[in-house]
There are 2 protein chains.
Amino acid sequence: MGSLPLDAPILPLDPESFADDSRAVVDFLAEYYRDVDKYPVRAADLEPGRLRKLLPDTAPELGEPLEHVLEDVRRDILPGLTHWQSPSFFAYFPMNASAAGFAGEMLSVGLNVVPFLWAASPAAAELETVVVDWMGNLLGLPRRLLFSGGGGGVLQGSTCEAVVCTLAAARDRALAKLGGHEAIMKLVVYASDQTHATFQKGARLVGIPPDNFRVIPTSAASGYGLTADAVRAVVDRDVASGLVPLYLCATVGTTGLGAVDPVRELGEVARRHGMWLHVDAAYAGSAAICPEFQGYLDGVELADSVSMNPHKWFLTNMDCCCLWVASPRHLTSALSTNPEYLKNVGTNGTGNKPAAAAIDYKDWQISLSRRFRAIKLWVVLRRYGAVGLRGHIRRHVTAAKWFERAVAADERFEVVVPRRFSLVCFRLQPRWSGDDAVDDVNRELLAAVNETGRAFMTHFVVDGKFVIRLAIGGAMTELRHVMDVWELLQGKAVEVLQATRYNKV
Amino acid sequence: MGSLPLDAPILPLDPESFADDSRAVVDFLAEYYRDVDKYPVRAADLEPGRLRKLLPDTAPELGEPLEHVLEDVRRDILPGLTHWQSPSFFAYFPMNASAAGFAGEMLSVGLNVVPFLWAASPAAAELETVVVDWMGNLLGLPRRLLFSGGGGGVLQGSTCEAVVCTLAAARDRALAKLGGHEAIMKLVVYASDQTHATFQKGARLVGIPPDNFRVIPTSAASGYGLTADAVRAVVDRDVASGLVPLYLCATVGTTGLGAVDPVRELGEVARRHGMWLHVDAAYAGSAAICPEFQGYLDGVELADSVSMNPHKWFLTNMDCCCLWVASPRHLTSALSTNPEYLKNVGTNGTGNKPAAAAIDYKDWQISLSRRFRAIKLWVVLRRYGAVGLRGHIRRHVTAAKWFERAVAADERFEVVVPRRFSLVCFRLQPRWSGDDAVDDVNRELLAAVNETGRAFMTHFVVDGKFVIRLAIGGAMTELRHVMDVWELLQGKAVEVLQATRYNKV
């Protein structure tokens, strides 16, 4: 790892220096995992521009040894990071790193093949078809969504990409039927007020008129799930005004509250109107590897597409999103290109081999280039096995149940919506105060907890109420970390309530 | 790395087993790099379905030691890969791996932070603003495209994403001016017959009517660059029919031939018609770190956006695309979302810190979630320095010059278009034959070379002529590998020409 002499040719993949540098990074990361619970979970230094001021304005002219770079990471970067791998990270949804996910990603990054065409790395394309079928089977998806049953899957980077691709497929299917691009003005997309914001962004990206995005209200009565009746009412009104229902999103485990939309009911409405039904199980899909959670996907055989993110709760480092479709043809006809420079043996049959079974994954996604994500998910599945992964999910659900019971048993607090998976939404509910004051108290409680650096949670607002979210799912998170954050919350609650009462008097 | 006892909790980030497993992968990859020139460059086994047949239909129930997985990679996966890191990979455009790119990616993957919001990892967001400015400076981009001059940049996964985002920004800017979404039917996107297919796909994705995508012919006279005259003629016709010119793409280093569109001329046409000018320098942008290549970007100050891919020729493992925009506001107004669960201290100013300088990168891209790509590019720049990276580029250009001269000096061959960077387009040109026969001979020559496994090249078709592309740019590629492939080509040319003559007689 010595410094490079001026103008000496760099040897970017020299095996010895590659191994030396890489081992130094492995040691750095092992030390990071050993100490990660000692860092403030949310970045300690929240002064915008801090890092920019520390770094020079231009790239260095001369190369430097890796040790210098790692020293700078330790000194300048780490204090400015929010530590997503801390066992006390309970914000948003956690994103899982793991030794197996890391090993798989290293293989992907090190081999650095680009399986955009089957021929550009046949084994990479085929491994992807295998692991998406494996995952689909683990989740109990119907055969029609798997390659083995005429559907198929792809690994993308995010739900957002999956949404853009399926919206484009649905749009082009509808426009072909309606006979002209100007019909795009009539297409309507449906979601609930709990659906992830990415659907609205996706609909706008693919050119659906912003006025044609329907946000249908949900309520406590249905646990904030979207009811078929509510969808029908809106769809009927649109159809009566000459609009064309295009796409309905059902979410299993919403971001805000972990709510579940009834997939079967919504699927029946979608079928009746020829709409594309997408099931977004980004977070909670991982839970469906446990039979006791598969009921939440009841009716999924009515879906045109389903997506879930192994990078959230499935020990697969960022990024990895599984997308399954019942009709690959609709996806690829919206996303295909066939320029001369990509014609090849295999899929175009210009070699002496048959074209069957050779998938060009570039036609299943937004981008042409792509990473060998399949090997990452494959290593996770091989290394931990379904049994190990179910244990990972169940330990977090057990911890969430413990926390939910603890909150419910403390009369100062309330659980705001019933817990379904490993997300608990709760708040302080002091008897003496009006709604605004309650929101303020909870805002203060959340800020007080996050400022300790001993845990990091985020909030949501439902029916005008500010609620605190405890999202359990970190790779290192155990019951004891959940017990610790409960103790911390109770302590801070005393302080916040005392201060508030004092201010009132 | 022992196997996990049934039902034992997995410890996904236990520092010791993490380090053991990771070191095993490092050793595996170091060995791979040591031996990569011994593998057939293009996958040896091109039998579709081969790998699928080797693997079980379902994921394993029980976890396995990493050694088993690595053995399977060696036995089942490697023979089915096309070896993009082989020094004799000359197909498409090479994609660079490097020790520094790998180290940077390991840090990104291991820390596994998600800098979608500034507050979700301030140092990650800020490092990104720093490295895109560094890169812009190295390329000689004008200050208006850098943060330091009021513009700014983002790291995305691919040019395709950059195209979708800038097309959406241009579309929404135009629709706001035209006063209604139905004006989308009038918007027209312009590219040349050499522009990457991803632009047509991108335009379709964002809802531009397929009939409004103009493919403007180029010719040998302009070196297959798009001329301002040709654009003006098409634009004037569109304007006369009441259409609205929206977006023009200028490419510096096209995929097929490495052609260069004249940025300044095209920028002036774009300005006159209020069009968004995007400069796509995906491949050749890396060369612009050498002053002698910056002339190809002359006029880039007229661009609304510029993109280039460090993952191609800049020693940065997949994936990494730099996108710069002159007006971040137009990008973010097309791509922003602001749901409750993402409101945070910093950017929403709900904390006690100012909101300035805190960038929420989710509003600069398609997806919400994102990886810490900045640290990868930063490690590459730190470790190799501008001097080392310029040397990397220049050695490949020198090798391409050598090859171009060798081809020109052999009367059986011809160089089809003048070389600009490190891509040489050539073909056999036997005097005795008609055009179709020449195409066949070259098709056979390419197949014969690729079938040896000693090199891998791909083809292009221009003016109806089949040409062979030698794209130099692999991380391990040296002049001697280019000399070897020339010797191989000459030998195979003798065989192919003899066989063809024999068939003719």
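Residues numbered from 1 in each chain as written. Chains lettered and ligands numbered in written order. Predicted model: local features only at pLDDT ≥ 70, side-chain atom pairs only at ≥ 80, totals over all residues. Heavy atoms only, no water.

The helix and strand tally for chain A stands at 14 helices and 11 strands. Whereas a compact globule of 505 residues would reach a radius of gyration of roughly 23 Å, chain A reaches 25 Å, a difference of no more than 12%. Over its C-alpha atoms, taken along the principal directions, chain A stretches across nearly 85 × 75 × 45 Å. Looking at chain A residue by residue over its 505 residues, the buried ones come to 68%. Distance between charge centroids for chain A: 6 Å, based on 52 positive and 57 negative side chains. (Helix = DSSP H or I, 4+ residues; strand = E, 2+ residues; numbered from the N terminus. Rg over C-alpha atoms; globule rule 2.2 N^0.38 Å. Buried < 20%, exposed > 50% of the residue type's maximum accessible area, 1.4 Å probe, protein only. Lys, Arg positive; Asp, Glu negative; His and termini not counted. Charge placed at Lys NZ, Arg CZ, Asp CG, Glu CD.)

For the rest of this paragraph, the subject is the packing of helix H5 (residues 122-139) of chain A against helix H12 (residues 373-409) of chain A. Residue and element names in this part refer to chain A. At a minimum axis distance of 9 Å, the contact between H5 and H12 shows a crossing angle of 25°. Judged on the interaxial angle alone, H12 and H5 are roughly parallel. Crossing angle aside, the handedness with which H5 passes H12 is left-handed. Residues Ala 124, Leu 127, Glu 128, Val 131, Trp 134, Met 135 and Leu 138 of H5 lie in contact with H12, whose contacting residues are Ala 374, Ile 375, Leu 377, Trp 378, Leu 381, Arg 382, Ala 386 and Arg 390. The class makeup of the residues in the contact of H5 with H12 is 12 nonpolar, no polar and three charged. (Axes fitted to C-alpha atoms, helices over the stretch in contact; angles between N-to-C directions. Parallel < 35°, antiparallel > 145°, perpendicular 65-115°, else oblique. Left-handed = near helix turned anticlockwise from the far one by under 90°. Contact = heavy atoms within 4.5 Å. Nonpolar A, V, L, I, M, F, W, Y, C, P; charged D, E, K, R; others polar.)

What follows concerns the relation of the copies chain A and chain B. Between the two copies, chain A and chain B, the superposition gives an RMSD of 0.0 Å; the rotation angle is 180° and the shift along the axis is 0.0 Å. Seen this way, the second copy is the image of the first under a two-fold rotation axis. (Least-squares fit on C-alpha atoms with pLDDT ≥ 70 in both.)

Residue and element names in this part refer to chain A. Read across the open sheet, the four strands follow the order S8-S9-S11-S10; overall the sheet is antiparallel. Taken across any chain shown, the strands that pair with only one partner, and hence form the sheet edges, are strand S8 (413-415) and strand S10 (458-462). Recorded for the sheet is a direction-independent mean angle of 40° between the axes of neighbouring strands. The sheet contact formed by S8 and strand S9 (residues 423-428) spans three bridges and is antiparallel. The partner of Val 415 across the bridge, within S9, is Phe 426. (Pairing = 2+ DSSP bridges.)

Before going further, it helps to spend a moment on the domain arrangement of chain A. Per the domain assignment, the segments making up chain A are domain 1 (15-83), domain 2 (114-371) and domain 3 (386-504). Using only C-alpha atoms to locate each centre, domain 1 of chain A and domain 2 of chain A end up separated by 37 Å. (Domains from an automatic or database assignment.)

Quick look at the interface of chain A and chain B now. Contacts between the two partners involve 169 residues from chain A and, on the opposite side, 169 residues from chain B. Here chain A and chain B share an interface that buries about 14,800 Å² over both sides, 66% of which is from carbon and sulfur atoms. The interface formed by chain A and chain B contains 18 salt bridges. A salt bridge links Glu 16 of chain B to Arg 34 of chain A; the shortest N-O distance between them is 3.3 Å. Inspection of the chain A/chain B interface yields 77 residue pairs in polar contact (both at pLDDT 80 or more). The leading source of residues in the side of chain A that touches chain B is helix H1 (residues 15-35) of chain A, at 16 residues. For the side of chain A that touches chain B, the class distribution of residues is 98 nonpolar, 36 polar and 35 charged. (Buried area = accessible area lost by both parts, 1.4 Å probe. Salt bridge = Lys/Arg side-chain N within 4 Å of Asp/Glu carboxyl O. Polar contact = N/O pair within 3.5 Å; in protein donor to acceptor, adjacent residues only side chain to side chain.)

Before going further, it helps to spend a moment on the packing of helix H4 (residues 99-111) of chain A against helix H1 (residues 15-35) of chain B. Two elements in contact, H4 of chain A and H1 of chain B, have axes whose closest approach is 9 Å; the angle formed by their N-to-C orientations is 15°. When the interaxial angle is binned, H4 of chain A and H1 of chain B end up roughly parallel. Regarding H4 of chain A and H1 of chain B, the two cross each other, and that crossing is right-handed. Contact residues: H4 of chain A offers Ala 99, Phe 102, Ala 103, Met 106, Leu 107, Gly 110 and Leu 111 of chain A, while H1 of chain B offers Phe 18, Ser 22, Val 25, Val 26, Phe 28, Leu 29, Tyr 32 and Tyr 33 of chain B.

This part is about the pairing of strand S1 (residues 152-156) of chain A. Residues and elements named next belong to chain A. Most of S1 is tucked away, with five of its five residues classed as buried. Bridge count for S1 against strand S7 (residues 321-325) is five bridges, and the pairing is antiparallel. Each residue of the ladder has a partner; that of Gly 153, found in S7, is Trp 324.

To describe a pair of aromatic rings, one takes the distance between the centres and the angle between the planes. If you walk through the whole model with that rule in mind, you get 46 aromatic pairs over all chains. Measuring from centroid to centroid gives 5.8 Å for Phe 89 of chain B and Phe 456 of chain B, while their planes differ by 80°, and the two rings are edge-to-face. With Phe 89 of chain B in the loop between helix H3 (66-77) and helix H4 (99-111) and Phe 456 of chain B in the loop between helix H13 (435-452) and strand S10 (458-462), this pair connects stretches of sequence that are 367 residues apart. You can call Phe 89 of chain B buried: its relative accessible area is 0%. Ring pairs connect the aromatic residues Phe 93, Tyr 283, Phe 293, Tyr 296, Trp 313 and Phe 421 of chain A, which therefore count as one cluster. The ring of Phe 93 of chain A has Arg 469 of chain A lying over it, and the distance from NZ or CZ to the ring centre is 5.2 Å. (Phe/Tyr/Trp six-rings, centres within 6.5 Å; stacked < 30°, edge-to-face > 60°. Lys NZ or Arg CZ within 6 Å of the ring centre and 35° of its normal.)

This brings us to the pattern of salt bridges. Applying the stated criterion across every chain, the model contains 68 salt bridges over all chains. Between Asp 72 of chain A and Arg 382 of chain B there is a salt bridge, and its shortest N-O distance comes to 2.8 Å. Taken together, the residues span two chains, with Asp 72 of chain A in helix H3 (residues 66-77) and Arg 382 of chain B in helix H12 (residues 373-409). Neither Asp 72 of chain A nor Arg 382 of chain B differs from the other in exposure class; each is buried. Notably, a salt bridge pairs Arg 480 of chain A with Glu 478 of chain A, separated by 3.3 Å at the nearest N-O pair.

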